Amino acid sequence: MSGNEATADKVKALIDPFNKKGVTLSNDTTFAGDLEWDSLTVMDFVAEVEDEFDIVITMNMQAEIENVGQLIEAVDSLNG
């Protein structure tokens, strides 16, 4: 399993408790549109991701991350 696959698995596992609609996750799944997360849910989820990977996702980065695939790429780049 590559680093990206391991990151993807962890990210998707972190999404599960927040996936109230039971949406099937893919790299194209959007947080606002598909999962229908509000800003509070996003902040709670980002805190989980930051804790799990021991990274900091800036507000500017958060604004640019719209889907699962972009988040996985961001986490991988921050884990560099």
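Preceding block: the structure.
Residues numbered from 1 in each chain as written. Predicted model: local features only at pLDDT ≥ 70, side-chain atom pairs only at ≥ 80, totals over all residues. Heavy atoms only, no water.

Moving on to the packing of aromatic side chains. If you walk through the whole model with that rule in mind, you get five aromatic pairs. Aromatic side chains Phe 31 and Phe 45 sit 5.9 Å apart centroid to centroid with 40° between the ring planes, which places their arrangement in the tilted category. You can see Phe 31 sitting in the loop between α1 (3-15) and α2 (39-53) and its partner Phe 45 sitting in helix α2, a full 14 residues away along the chain. For the pair shown, Phe 31 and Phe 45 are each scored as buried. The rings of Phe 18, Phe 31, Trp 37 and Phe 45 are connected pair by pair, giving a single aromatic cluster. (Phe/Tyr/Trp six-rings, centres within 6.5 Å; stacked < 30°, edge-to-face > 60°. Helix = DSSP H or I, 4+ residues; strand = E, 2+ residues; numbered from the N terminus. Buried < 20%, exposed > 50% of the residue type's maximum accessible area, 1.4 Å probe, protein only.)

With that settled, consider the environment of Glu 48. Looking at where Glu 48 falls in the secondary structure, it is placed in helix α2. Placed 34 residues apart in sequence, Glu 48 and Leu 14 show a C-alpha to C-alpha distance of 7.2 Å. For Glu 48, the contacting residues outside a window of four places in its chain are Leu 14 and Phe 18. (Contact = heavy atoms within 4.5 Å.)

A few words now on the side chain of Asn 67. Along the chain, Asn 67 falls in the loop between α3 (59-64) and α4 (68-79). At 2.8 Å, the side chain of Asn 67 forms a polar contact with the backbone nitrogen of Gln 70. The residues touching Asn 67, leaving out its near neighbours within four places in the chain, are Asn 27, Asp 28, Thr 29, Thr 30 and Phe 31. (Polar contact = N/O pair within 3.5 Å; in protein donor to acceptor, adjacent residues only side chain to side chain.)

With that settled, the discussion passes to α4. Spanning twelve residues, α4 covers 17 Å between terminal C-alpha atoms, matching the ideal 16 Å at 1.5 Å per step. Along α4, the residues classified as buried are Val 68, Gly 69, Leu 71, Ile 72, Ala 74 and Val 75. (Expected span 1.5 Å × (residues − 1).)

Here we take up the side chain of Glu 50. By secondary structure assignment, the location of Glu 50 is in helix α2. One buried charged side chain, Glu 50, makes no salt bridge at all; its nearest oppositely charged neighbour is Lys 10, positioned 16 Å away. Polar contacts involving the side chain of Glu 50 include one to the main-chain amide nitrogen of Ile 57, which spans 2.8 Å. Those residues in contact with Glu 50 that sit more than four places away from it in its chain are Ile 55, Val 56 and Ile 57. (Lys, Arg positive; Asp, Glu negative; His and termini not counted. Salt bridge = Lys/Arg side-chain N within 4 Å of Asp/Glu carboxyl O.)

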